[in-house]
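Each chain, written out:
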Amino acid sequence: MCALNLFPAMDLDDARLAKRRRTKPGMETLPGEIVVDILSRLPITSLVQFKFVCKGWRALAQDPLLVADMCKTHTTNPCLILHSDFPIRNHLYFVDLSPNSQDKDKVKRLYVPFQTSMPEFDVVGSCNGLLCLSDSLYNEALYIYNPFTMDYIELPESRQYPDQEVVFGFGFHPKSKEYKVVKIVYYRNTSSSSSSIYSRTRRVVYPHSDVQVFTLGSSAWRSLGKIPYQLVRRPLEALVSGRLHWVSRPRRYHPARRIMSFDLGTEEFEEVPMPDCGGLNRCNFHVSVLRGCLAAAVYRNYGKLEIWVMKDYNVKESWTKELSIGAYMPKCLKQNLDRDNRPLKIWKNASGKVVRVLSVLENGEILLEYKNRVLVSYDPKKGKFTDLVFQGNPHWFQTIVHAASFSWIPSLMV
């Protein structure tokens, strides 16, 4: 049985030419900086395949320079991680928004290797290509996971309380070069005589707190003590200059909402000055990151949205109103409302809280998420909205802006 010849017959001159081509210097002879610059411009899907060519290329994919350059390159047009818990089992998907991607019209499902032990999870945060996932049922298990290399570690157990509410954070500090997970536990003493009073209120009140921190590469959690603020439990809060940011809840004697930061280097909380735009005492804004700066998306009446950006970090006077975005109804959401015979005024009375500001794309358009159902790009120059429809999009999802890379995970010390 003869094998099929996939190449046409070559004469002697063609054979000599092919031999000379094979002996020419290859990629391994190029300067490392040039190779890294070329590879960092490729979409993550191409780089995943690149790793499996040979051992040398796999080692090159783990080069710290390539990892760093990928994080910079993929920040302008990052891939999007879509976390879906509909209808039951949790799944992760990704969409590559880079202009070089050949599959940007498709949604691809990501494999979560530890999902059998944690079938339902929340995405705590994304940083330098790593995701932090928490158990959404019991708040006990925590994993750090690179969805493209499929490397992961499970963090050790931290202190638990019988009745608690947890606010998480995950980030990297550029000076200390450390990844840290922050766990703010609000709890109440169930044996206290006042616990029955709390149970009759509309929202359960947790008067005690405990701030716990875990540094990747260490062996145990550390407790930093109490925090005098009640932070809103929202995943994926803003990470700017090595600081995590949350919005605080109004309290009985402190009705004003605040933007609170946690410095991953000094491990201290600090109040961040807020923009003078009015109406921020109510639950009508969220924080985000735009072009590396802290931003506040402020909801106005009838679905309108203002975007304020702090150009110089921690300088109140540097807050600037960058955009005012008008109300918009994505087509598929309007079709759902029409099908369900729901009046349009229900949408308008939502005060715009159905929209999240995600990022600024390389072309200057603003990426928005509407009601966990639709991704929309907004062109500020033309005032035009465009629904982003991808093949295989899940029905319900939460969007995570993710700088895909081959970042490695610091091993836990034994």
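Residues numbered from 1 in each chain as written. Predicted model: local features only at pLDDT ≥ 70, side-chain atom pairs only at ≥ 80, totals over all residues. Heavy atoms only, no water.

Glancing now at the confidence of the model for the protein. Model confidence for the protein is summarised by a mean pLDDT of 78, while 68% of its residues fall at 70 or above. Here residues 343-352 scores under 50 on pLDDT; set against residues more than four positions off or in separate chains, the count is 17 contacts. (pLDDT = per-residue confidence, 0-100. Contact = heavy atoms within 4.5 Å.)

Turning next to the sheet that holds strand β14 (residues 259-263). Read across the open sheet, the four strands follow the order β12-β13-β14-β15; overall the sheet is antiparallel. The open sheet has two edge strands, β12 (239-240) and β15 (268-272), and neither has a second partner. By the bridge criterion, five bridges tie strand β13 (residues 243-247) to β14 in an arrangement that is antiparallel. If you follow tryptophan 246 over to β14, its bridge partner there is methionine 260. (Pairing = 2+ DSSP bridges. Helix = DSSP H or I, 4+ residues; strand = E, 2+ residues; numbered from the N terminus.)

Sheets are built from strands paired through backbone hydrogen bonds, the pairs being either parallel or antiparallel. Overall, antiparallel pairing links the four strands, which are arranged β4-β5-β6-β7 in an open sheet. On the outer flanks of this sheet lie β4 (121-127) and β7 (152-154), each paired with one strand and no other. Going from strand to strand, the sheet's axes swing by 20° on average, the running direction of each strand aside. Where strand β6 (residues 142-145) and β7 come together, three bridges link them in antiparallel fashion. What sits directly across from tyrosine 145, in β7, is tyrosine 152. (Axes fitted to C-alpha atoms, helices over the stretch in contact; angles between N-to-C directions.)

This next bit is on the pairing of strand β1 (residues 79-84). Taking burial as the measure, the six residues of β1 include six buried ones, the bulk of the element. Residues Cys79, Ile81 and His83 line one face of β1 and the alternating positions Leu80, Leu82 and Ser84 line the opposite face, and both faces are buried. In the sheet, β1 pairs with strand β24 (residues 398-402) via five bridges, with the strands oriented antiparallel. Looking at the pairing, cysteine 79 lines up with histidine 402 of β24. As paired strands, β1 and strand β2 (residues 91-96) are joined by six bridges and run antiparallel to one another. Its bridge partner lying in β2, serine 84 is registered against histidine 91. (Buried < 20%, exposed > 50% of the residue type's maximum accessible area, 1.4 Å probe, protein only.)

On to unusual backbone geometry. Backbone geometry places lysine 177, a non-glycine residue, at a positive phi of 60°. Tracing the backbone through its elements, the reader meets lysine 177 in the loop between β8 (164-173) and β9 (178-187). Residue lysine 177 is classed as exposed on the basis of its relative accessible area, which comes to 59%. The residue lysine 371 is not glycine, and still its phi comes out positive at about 55°. For lysine 371, the position within the fold is in the loop between β21 (366-370) and β22 (374-379). Given the relative accessible area of 29%, lysine 371 is considered partly exposed.

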